[in-house]
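Observations on the three-dimensional arrangement
Each chain, letter by letter, is given below.
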Amino acid sequence: MTTIDARSIRHALLTRNEITIIDPRDEHSFAQGHPLFAAQIPLERIAIEAPTRLPRLDALLVIYDQGEGLAEKAASVFKGLGYSDVRLLEGGLQAWRDAGYELFQDVNSASKAFGELVEQRRHTPSLPAQEVKALIDEGADVVVLDARRFDEYRTMSIPTGTSVPGAELVLRAGALAPDPQTTIIVNCAGRTRSIIGTQSLINAGLPNPVRALRNGTIGWTLAGQSLETGQQRRAPAVEGDAATQARSRTHEVAYRAGVKWIDSTDLAALAEEPGRTLYRFDVRLPEDYALGHIPGFLNAQGGQLVQETDHFAPVRGARIVLADDLGARAEMTASWLAQMGWEVYVLSPGYSGELEQGQGVAPPPRGPEGRYKRPYEGTDNKTEAMQAYLDWEFGLIAQLQRDATHGFFVI
Ligand SMILES: O=S(=O)([O-])[S-]
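Below, the structure is looked at part by part. Predicted model only: the values in this text are computed from it and were never measured.

Rules behind the numbers
Residues numbered from 1 in each chain as written. Predicted model: local features only at pLDDT ≥ 70, side-chain atom pairs only at ≥ 80, totals over all residues. Heavy atoms only, no water. Phe/Tyr/Trp six-rings, centres within 6.5 Å; stacked < 30°, edge-to-face > 60°. Helix = DSSP H or I, 4+ residues; strand = E, 2+ residues; numbered from the N terminus. Buried < 20%, exposed > 50% of the residue type's maximum accessible area, 1.4 Å probe, protein only. Lys NZ or Arg CZ within 6 Å of the ring centre and 35° of its normal. Salt bridge = Lys/Arg side-chain N within 4 Å of Asp/Glu carboxyl O. Core = buried A, V, L, I, M, F, W, Y, C linked by side-chain atoms within 4.5 Å. Contact = heavy atoms within 4.5 Å.

So, on to the packing of aromatic side chains. For the structure on display, the rule yields nine aromatic pairs. When the centroid spacing of 5.8 Å and the interplanar angle of 35° are considered together, the rings of F150 and Y153 count as tilted. In this pair, F150 and Y153 both sit in helix α8 (residues 150-155), three residues apart, roughly one turn of the helix. By the burial criterion, F150 is buried, and Y153 matches it. On the numbers, 6.0 Å between centres and 75° between planes, the contact of F281 with F312 is edge-to-face. One end of the pair, F281, is in strand β12 (residues 278-282); the other, F312, is in helix α16 (residues 309-312), and 31 residues separate them in sequence. Assigned by exposure class, F281 and F312 land together as buried. Grouped by ring-pair contacts, the aromatic residues F37, F114, W336 and F408 constitute a single cluster. Stacked on the ring of Y101, the Lys or Arg R10 has its end atom at 5.1 Å from the ring centre. Residue placement shows R234 over the ring face of F150; its charged tip is 3.6 Å from the ring centre.

Here's what the structure looks like:
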């Protein structure tokens, strides 16, 4: 089996050449330590997930394990599927460590580290859980917007909160806080999505005061405050003038981040280009996607695409094209991906071809086997696990600096 050494992998990351680093162990093992841009695809899921996550058969795939013998097996599966440039990391994960390179814990580490960098560079304003509770209790002029997926919000949420998944915030916040005096508080489970959501509204120039709920539902729980469960409040859909106004705000932000706009002809040309991976994502909510989407575009709601970029786009250095009939969601999502070092395009609204209906070709969800138990999910987490998770997040900025392959910038 062909091999590649740790230094050459690092070189590809630094020079932005396409490379995919695959960890075929289970998610729990992956979460104990992995290179920043590694993507976890467990051995038994390769055949199911590879066609959507790794669309180019001649892309360079590097596989490693920790001596369990999984990497060789995974390489054979990829070869059997038709992937032609499959290599093993010489010496496995230990060689990465021995070279003095960083290992990151948890999952979606690159996105979470990026969120920390955004907060540090932009001084994203936040309020502690006790202060937010006091504001709610005294009936102050505040709205709480939950930037997570709707199913996460339904599981547990901040009292009075309304579900507005991340990429919908700029579009829909105005409908929930039409008075510019109203303070908007953005929450998630921990830190990343509230930082990105808060900073999205600030970057877009919303006139309201905007604050993140510091440390999300974890911070709320650690403060001894109770969460609601089973809530169904969703922000209303937005169209017409409000959508146009949102787009004028996001267009400027995306431009500043270096996003490019293309039409269908440009898109066809990009898709034809040999030797480059092209991801196409429709960033709207799953229910909007199902009603009609452009053929070839997979659904990745924008907030989650920024949050779980390693899942949706494991090929580091690939190109990404985003679609959204109203534009604002794609542009805000693209602005973040560009800052995370991706070559990202927005398909200009106005597509006039046939649309497809349904959920597209997404792989069926994974089962519970080998799953890493996230300390920010569900209602049964231990205090120490939640605090340890927050402490880990605070350390990510120093890790990014030591690793130095990220190529992130913050506008
Ligand atoms: O974005 S998050 O902190 O809820 S994982």
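Another point: the pattern of salt bridges. Overall, the coordinates contain 32 salt bridges when judged by the stated rule. With a shortest N-O distance of 2.8 Å, R56 and D58 are connected by a salt bridge. On the accessibility criterion, D58 (43% relative accessible area) is partly exposed. Close ionic contact of R329 with E168 constitutes a salt bridge, the shortest N to O distance being 3.3 Å. Of the two residues, R329 sits in helix α17 (residues 328-339) while E168 sits in the loop between β8 (162-163) and α9 (169-176), which places them 161 residues apart along the sequence. With a relative accessible area of 3%, R329 lands in the buried category. Since its relative accessible area comes to 2%, E168 is described here as buried. What emerges from the salt-bridge pattern is a single network uniting E168, R172, D282, R284, D288, D324, D325 and R329.

This next bit is on the nonpolar core. Residues F78, I184 and L322 are the most contacted members of the largest nonpolar core, which totals 102 residues. Of all the elements, α17 adds the most residues to this core, at seven residues. Each residue touching L322, except ones within four places of it in the same chain, is listed here: F281, V283, F297, L305, A330, T333, A334, L337, V344, Y345, V346 and L347.

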